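# Per-entry structural report
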Amino acid sequence: MNLYQIKTTAYNEEDMLLVSDAPDDAIERILEPMIHAERHEDKWFDHDDYLRALETALPQFSFFYYTEPHVIEL
């Protein structure tokens, strides 16, 4: 499993924190057209849409996303 920080906009607060065993190139292949459509075709997707697209296209892999990381302050 890998932890990915998916940057879909210039704003860090909109990054998607994704944990998955899918390979990087497979994740990119699924999300890149959606992100391109947001930037150039006036479409809008949220993290649930991204997650659903990944789960549909790559059902053999596991996907978990987090809206906010759990912070442990020591």
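First, a word on scope: everything that follows refers to the structure included in this document.

The rules behind these values
Residues numbered from 1 in each chain as written. Predicted model: local features only at pLDDT ≥ 70, side-chain atom pairs only at ≥ 80, totals over all residues. Heavy atoms only, no water. Buried < 20%, exposed > 50% of the residue type's maximum accessible area, 1.4 Å probe, protein only. Helix = DSSP H or I, 4+ residues; strand = E, 2+ residues; numbered from the N terminus. Arc of directions from axis to C-beta. Contact = heavy atoms within 4.5 Å. Polar contact = N/O pair within 3.5 Å; in protein donor to acceptor, adjacent residues only side chain to side chain. Salt bridge = Lys/Arg side-chain N within 4 Å of Asp/Glu carboxyl O. Pairing = 2+ DSSP bridges. Axes fitted to C-alpha atoms, helices over the stretch in contact; angles between N-to-C directions. Patch = residues over 30% accessible without salt bridge, like charges linked within 9 Å, V, L, I, M, F, W, Y side chains within 5 Å. Areas by Shrake-Rupley, 256 points an atom, 1.4 Å probe, with all protein chains shown as cover. Phe/Tyr/Trp six-rings, centres within 6.5 Å; stacked < 30°, edge-to-face > 60°. Core = buried A, V, L, I, M, F, W, Y, C linked by side-chain atoms within 4.5 Å.

Further remarks concern helix α2 (residues 47-57). By the burial criterion, the buried members of α2 are His47, Tyr50, Leu51 and Leu54. Buried residues of α2 fall within an arc of 95 degrees about the axis and therefore sit on the same side. Among the structural elements, β2 (16-20), α1 (24-40) and β3 (63-66) are those in contact with the buried residues of α2. If you check the start of α2, you find a side-chain oxygen 3.1 Å away from the backbone N of aspartate 48, and it comes from aspartate 46.

This part takes up the pattern of salt bridges. Oppositely charged side chains are able to pair whenever their charged atoms sit close together. All chains considered together, the criterion is met by 2 salt bridges. Note that lysine 7 is salt-bridged to aspartate 15, the shortest N-O span being 2.9 Å. Assessed through its relative accessible area of 7%, aspartate 15 is described here as buried.

The 3 strands are arranged β1-β2-β3 in an open sheet whose pairing can be described as antiparallel. This sheet does not close on itself; its edge strands, each paired only once, are β1 (2-6) and β3. Going from strand to strand, the sheet's axes swing by 25 degrees on average, the running direction of each strand aside. Both β1 and β2 contribute to a ladder of 5 bridges, which runs antiparallel. The residue bridging leucine 3 from the neighbouring strand is valine 19, located in β2.

A grouping of Met1, Phe64 and Tyr66 is seen on the molecular surface, where their side chains present a nonpolar patch of about 350 Å² in accessible area. Summarising the element assignment, tyrosine 66 is placed in strand β3. Overall, the relative accessible area of 44% leaves tyrosine 66 in the partly exposed class.

What follows is about the packing of aromatic side chains. Inspection of the entire model under this criterion finds 1 aromatic pair. Judged by centre distance (6.4 Å) and plane angle (40 degrees), the rings of phenylalanine 45 and tyrosine 50 are tilted.

This part covers the nonpolar core. By size, the foremost hydrophobic cluster in this structure holds 16 residues, and its most contacted members are Ile6, Leu18, Ile27, Leu31, Leu54, Leu58 and Phe63. Among the secondary structure elements, those contributing two or more residues to this core are β1, β2, α1 and α2. Counting residues per element, this core draws most heavily on α1, at 6 residues. Filtering out sequence-adjacent residues up to four positions away, leucine 18 remains in contact with Asn2, Leu3, Tyr4, Ile6, Ile27, Leu51, Leu54, Phe63, Phe64 and Tyr65.

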